[in-house]
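Observations on the three-dimensional arrangement
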Amino acid sequence: MSFLSGRKLVYVVNAVAGLAIFFFGYDQGMMGGVNTSPDYVQTMNLGFSTYGGSSEGYVVTITEPTRQGGIVSIYYLGTLIGCLMGGVIGDRVGRIKTMMIGGIWVIIGAALQCSAQNLAWMLCARVINGIGTGHLNAIVPVWSAEVATHTSRGAFIAMEFTLNIFGVVVAYWLEFGLGFIGDGRSPIRWRFPIAFQIIPVVVFMILLFWMPESPRWLVKAGRNDEAIEILRRLRSDISSSESDEKSFEYEGVANAEFNAIIEVVQLEKKHSKIDSYWNMFWGIGSGNLHLARRVQLSIWLQILQEWVGIAAITVYAPTIFADAGYGARKSQWLSGLNNITYMISTLLAVVTIDRWGRRVGLWWGAIGQGAAMILAGAFSRLLKDHPEHASSYGGAAASFIFIYTAVFGATWLTIPWVYPTETFPLEVRAKGNAWGVVGWSIGNGWLTLLNPVMFSRISENTLHIFGAVNFLSIPIVWAFYPETANRTLEEMDLLFASRSPLVWDEERTFKKLKAELGGGKQMEQMVNSVTRDSIN
């Protein structure tokens, strides 16, 4: 698409990346419906189904919740393996080729899943599918961040996550509709939705042939001429009929960004030992780049994202609504409407993520989510103690689940995915984002294995645990997560140059180094000159 330039080109890149993120959402939301399919439950020996009349259809009863959770959670073992593979490949051969490789893994895994005949087959297919998803999760957000401007980086990724939740909505209502085929026990009820995920991935892979490579990766690979050409296309919003003076202005913007990238690449290549997962995790050879700190921030933010409760809501919302006193069919309707609310709420993140910043979004999100989770659990408990008030207490519990989902969609859904794409040096950015996906895989895998057991053993008290985690996250974000909004990717080395991991020390050091940069010092001189005295 060489005829496109400027923001139009960035929007197209964003839309193509959104296809991969749509698949990611669809793939996550899909298992919620698969788990309620009678034929699937019978094929995998998870339980049995009973006929609940024409209004309810066949309702499954899970007798093996650990096995059910294992099928869901083993996917995240695959994503963990895949993101580590994708991080290495993405830094070596580029973003575009790595996304193609990830797509191939996904197609193979989806084909095996939709044809699974037993538990072992399904488990292997889930791992393969997860490996492909891990590749895409590690690279797609990085690719988006590297082509966007620093003032719109968060908004563009937030737009992609609107498509992510649209994928959840499509998966849910597709499976809900398939439940009315025949008597509801047809294999197509779960095999077709699994196969459907192949379509957006194939379209995504075809469109990649016309997409530009990340100019930042091209500089890292020494392909400077290609990099500056792509940067000029990305940063030019003018047509060929406009004046040469205007054209020179936009070329100047691209050249300034190109020079900043060159300078950072030269600095990072001085730290050649950082280019491995082991050294990144322990900070070996990173000096004042403090990569170990950035790795820990990325991992734990993603783990927290799952522990604030969304893993439970996405997959087990029908169970939560059933605990609130609704029948099986009505619980499914409510879950579908909840997903639509979820999707709409992500549009607020598009508007606020760059204006308010990452920290404010995480703070107000945690407060709203924590309060909603605790109140949802409290009203579920009141419902059990006072069944005569089922309509009042059940409605209140369901309302707070809707409120929780809306707040999460506007805040915590997007920010933990944006943060790792921004904070790592170019030399290891794909590997850095892969560490974030590791945290997401650990958090998701852990919770999808525990959730069936938690809801079975402690019921609505599960929601109280998630509510408490939300409030615990507030001081963690306040103390350890510096603001990245409206700062260039090249400025992140200055932000993390402080020897102290505390936000106020990092901001003080950043302000000092930024002033020195404006005074004509080279970035390498400033980062290497940071001493313990510079934070006092």
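For the structure given in this document, a descriptive report is provided here.

Quick look at the overall build of the chain now. Secondary structure assignment for the chain yields 22 helices and two strands. Considered along the principal axes of its C-alpha atoms, the chain spans approximately 75 × 50 × 45 Å. When contacts within the chain are restricted to residue pairs at least 6 apart in sequence, long-range pairs at least 24 apart make up 78% of them. A total accessible area of about 20000 Å² is found for the chain, and carbon and sulfur atoms account for 64% of it. Put simply, the chain has 41 plus and 41 minus side-chain charges, and the middle of one group is 3 Å from the middle of the other.

Turning our attention to the side chain of S498. If you trace the backbone, S498 turns up in the loop between α20 (492–495) and α21 (503–518). Of the polar contacts made by the side chain of S498, one reaches the backbone nitrogen of S500; its length is 3.0 Å.

For the rest of this paragraph, the subject is the layout of surface pockets. The calculated volume of the second largest pocket comes to roughly 500 Å³. Lining the second largest pocket we find 29 residues, and of these H150, R216, R235, E257 and T488 sit closest to its centre. Counting only elements with at least two residues in the lining of the second largest pocket, the list comes to α1 (6–34), α6 (153–178), α11 (244–269) and α21. With seven residues, α11 is the largest single contributor of residues to the lining of the second largest pocket. Residues belonging to the lining of the second largest pocket are distributed by class as follows: 13 nonpolar, six polar and ten charged.

Time to look at a nonpolar patch on the surface. On the surface, a cluster of nonpolar side chains totalling about 330 Å² of accessible area is made up of I104, I108, L112 and W121. Here the nonpolar patch takes three residues from helix α4 (residues 95–114), the largest share from any one element. As for its placement among the helices and strands, I108 is situated in helix α4.

Parameters and conventions
Residues numbered from 1 in each chain as written. Predicted model: local features only at pLDDT ≥ 70, side-chain atom pairs only at ≥ 80, totals over all residues. Heavy atoms only, no water. Helix = DSSP H or I, 4+ residues; strand = E, 2+ residues; numbered from the N terminus. Contact = heavy atoms within 4.5 Å. Areas by Shrake-Rupley, 256 points an atom, 1.4 Å probe, with all protein chains shown as cover. Lys, Arg positive; Asp, Glu negative; His and termini not counted. Charge placed at Lys NZ, Arg CZ, Asp CG, Glu CD. Polar contact = N/O pair within 3.5 Å; in protein donor to acceptor, adjacent residues only side chain to side chain. 1 Å grid on protein atoms, 1.4 Å probe; cavity = no way out; pocket = protein on both sides within 12 Å on 5 of 7 lines; lining within 4 Å. Points joined across faces, edges and corners; volume = space filled by probe spheres on them. Nonpolar A, V, L, I, M, F, W, Y, C, P; charged D, E, K, R; others polar. Patch = residues over 30% accessible without salt bridge, like charges linked within 9 Å, V, L, I, M, F, W, Y side chains within 5 Å. Salt bridge = Lys/Arg side-chain N within 4 Å of Asp/Glu carboxyl O.

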